[in-house]
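Survey of secondary and tertiary structure
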Amino acid sequence: MTKIWEKSCDGGGGVSATGIWEAHRTSFFLKVSRSEASHRMILLNNSHKLLALYKSLARSIPESLKEMTDNMDSYTNVYHMFSKEPQKSQEVLKNCEIINWKQRFQIQGLQESLGEGIRAAAFSKSVKVEHSTAVLLVTEDILKLNASSESKFGSCAETGHPDDDFESETPNFNYAQLAVSYSGLVNDNWKRGRNERSLRFIKRCIQDLPAACMLGPEGVPVSWVTMDPSCEVGMAYSMEKYRRTGNMARVMVRYMKYLRQKNIPFYLSVREENEYSRRFVQQLGFFEASCEWHQWICYPQNLVPF
């Protein structure tokens, strides 16, 4: 999963400088040390210097792209994009060597205005595009999270002692870190999953990122939640027998407490028509952002749709 940050500076030659960096698993913020922050930013408005910068950045291929080797894996082949000049995104996307237009992939972002450029660039590459939107949900404290704070991983069970009745565990139910061995269970109950590629993606998420669950009387997860490489909390699910019992709420409260303790940013996206889930997460302290979460699913015409 790769981030694309784009800002076009026209220095007479009409060359765009594109910055691309790897999205680390713990944060989607660009981190800058104090010593770096004290340096003055230099604006390059010379077309030759911009072109040299572009070539230098293009050589520094993000580590995440090394995982994007399966042309059919739309779970891993994901790009996140933000542009200060969305109207110029078409030029950047068409000329950007980072995006592999021969693959199935997703572009995700906050700006609906990117859509026109994405569709135009895709058309020039004989690539089809499907667009969908979701409600973006965040919390006040995460918006105030210091981007320079170091994110630290550990066991999701390391949340200290429950400090209120809502967090306390009920008899025969125990909060725990979700084990990789339950990847198949998560995959079987994920609407976007139920195939080999989704199973592989879920295994990586559970192994490398925070994932938590509530173990039932049989010692098997009855409710769980995971995180993807962009820090989006998702795949949340409760087995039908244990729904509306408070287990998911208990999992989420402990899980969010852990993420905050470790300075790990997080967010949610929920389909607009899913009113129950929207109400549920709002009760946990999330609020709906003023912008929507956009997803453009792209695939070459010789490949079947998702």
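Conventions we followed
Residues numbered from 1 in each chain as written. Predicted model: local features only at pLDDT ≥ 70, side-chain atom pairs only at ≥ 80, totals over all residues. Heavy atoms only, no water. Phe/Tyr/Trp six-rings, centres within 6.5 Å; stacked < 30°, edge-to-face > 60°. Helix = DSSP H or I, 4+ residues; strand = E, 2+ residues; numbered from the N terminus. Buried < 20%, exposed > 50% of the residue type's maximum accessible area, 1.4 Å probe, protein only. Core = buried A, V, L, I, M, F, W, Y, C linked by side-chain atoms within 4.5 Å. Contact = heavy atoms within 4.5 Å. Pairing = 2+ DSSP bridges. Polar contact = N/O pair within 3.5 Å; in protein donor to acceptor, adjacent residues only side chain to side chain. pLDDT = per-residue confidence, 0-100. Axes fitted to C-alpha atoms, helices over the stretch in contact; angles between N-to-C directions. Patch = residues over 30% accessible without salt bridge, like charges linked within 9 Å, V, L, I, M, F, W, Y side chains within 5 Å. Areas by Shrake-Rupley, 256 points an atom, 1.4 Å probe, with all protein chains shown as cover. Salt bridge = Lys/Arg side-chain N within 4 Å of Asp/Glu carboxyl O. Lys, Arg positive; Asp, Glu negative; His and termini not counted. Charge placed at Lys NZ, Arg CZ, Asp CG, Glu CD. Expected span 1.5 Å × (residues − 1).

1. So, the packing of aromatic side chains
- Scanning the entire structure with this criterion turns up 9 aromatic pairs.
- Summarising the aromatic geometry, the rings of Phe-173 and Tyr-242 are spaced 5.7 Å apart at their centres and angled 75° between planes, so their arrangement reads as edge-to-face. A residue pair is termed long-range when its members are at least 10 positions apart, and Phe-173 in the loop between helix H5 (140–143) and strand E6 (174–177) and Tyr-242 in the loop between strand E9 (233–238) and helix H8 (247–261) qualify at 69 residues. Across the pair, Tyr-242 and Phe-173 agree in class, each one buried.
- Members of the aromatic cluster, each reached through a chain of ring pairs, are Tyr-75, Trp-190 and Phe-201.

2. Topic: the nonpolar core
- Core analysis: the biggest nonpolar cluster contains 44 residues, and Met-227, Val-233, Met-252, Tyr-255, Leu-259, Phe-266 and Phe-286 have the highest contact counts within it.
- Counting residues per element, this core draws most heavily on H8, which supplies 9 residues.
- Ignoring any residue separated from it by four or fewer positions in sequence, one finds Leu-259 in contact with Pro-210, Met-227, Val-233, Ile-264 and Phe-266.
- By size, the runner-up hydrophobic cluster in this structure holds 17 residues, among which are Tyr-79, Cys-96, Ile-98 and Val-127.

3. Some remarks on the pairing of E9
- With 4 bridges connecting them, strand E8 (residues 221–227) and E9 associate as antiparallel partners. Considered in E9, the bridge of Ser-223 is made with Ser-238.

4. Brief notes about the side chain of Ser-198
- Following the sequence through the fold, Ser-198 ends up in helix H7 (residues 196–208).
- Within the structure, Ser-198 has its side chain in polar contact with the backbone oxygen of Asn-195 (distance 2.8 Å).
- The contacts of Ser-198, once residues within four sequence positions are left out, are Tyr-75, Asn-187, Trp-190, Arg-192 and Gly-193.

5. Overview of unusual backbone geometry
- Here Cys-231, not a glycine, exhibits a phi torsion of approximately 75°, which is positive.
- Structurally, Cys-231 can be placed in the loop between E8 and E9.
- Its identity as a non-glycine residue notwithstanding, Met-235 has a phi of 60°, on the positive side.

6. Regarding the pairing of E8
- With respect to burial, E8 is a largely interior element, 7 of its 7 residues being buried.
- The antiparallel hairpin formed by E8 and E9 contains 5 residues in its connecting segment, where Cys-231 sits at a positive phi of about 75°.

7. Digging into the confidence of the model for the chain
- Averaged over all residues, the pLDDT of the chain equals 81, while 71% of them reach at least 70.
- Residue range residues 7–40 is modelled with pLDDT below 50. Its contacts to residues more than four positions away, or to other chains, number 71 contacts.
- The low-confidence segment residues 160–166 (pLDDT under 50) makes 9 contacts with residues lying over four places distant or belonging to another chain.

8. Some remarks on the sheet that holds E9
- Strands sit in the order E6-E7-E8-E9 across an open sheet of 4 strands; the sheet is antiparallel. Edge strands, defined here as strands with exactly one partner in the open sheet, are E6 and E9. Strand-to-strand twist of the sheet, defined as the mean angle between neighbouring strand axes without regard to direction, takes the value 15°.
- In the packing of H8 onto the sheet, contacts are made with E6, strand E7 (212–215), E8 and E9, and the angle to E8 comes to roughly 35°.

9. Observations regarding a negative patch on the surface
- Where like charges cluster on the molecular surface, the negative patch consists of Glu-112, Glu-272, Glu-273 and Glu-292.
- Relative to the helices and strands, Glu-272 is located in the loop between strand E10 (268–270) and helix H9 (275–283).

10. So, the environment of Asn-302
- Relative to the helices and strands, Asn-302 resides in the segment after strand E11 (287–300).
- Residue classification places Asn-302 among the exposed residues on the basis of a relative accessible area of 66%.
- The spacing of Asn-302 and Ser-126 is 176 residues in sequence and 9.2 Å in space, taken between C-alpha atoms.

11. Concerning the environment of Phe-105
- Residue placement: Phe-105 occurs in strand E4 (residues 105–109).
- In sequence terms Phe-105 and Val-129 are 24 residues apart; their C-alpha atoms lie 9.9 Å from each other.

12. Quick notes on H8
- Over its 15 residues, H8 runs 21 Å from end to end, which matches the ideal 21 Å to within 8%, given 1.5 Å per residue.
- Counting buried positions along H8 yields 13 of 15 residues, so the element is predominantly enclosed.
- At the exit of H8 stands Asn-263, carrying a positive phi of roughly 55°.

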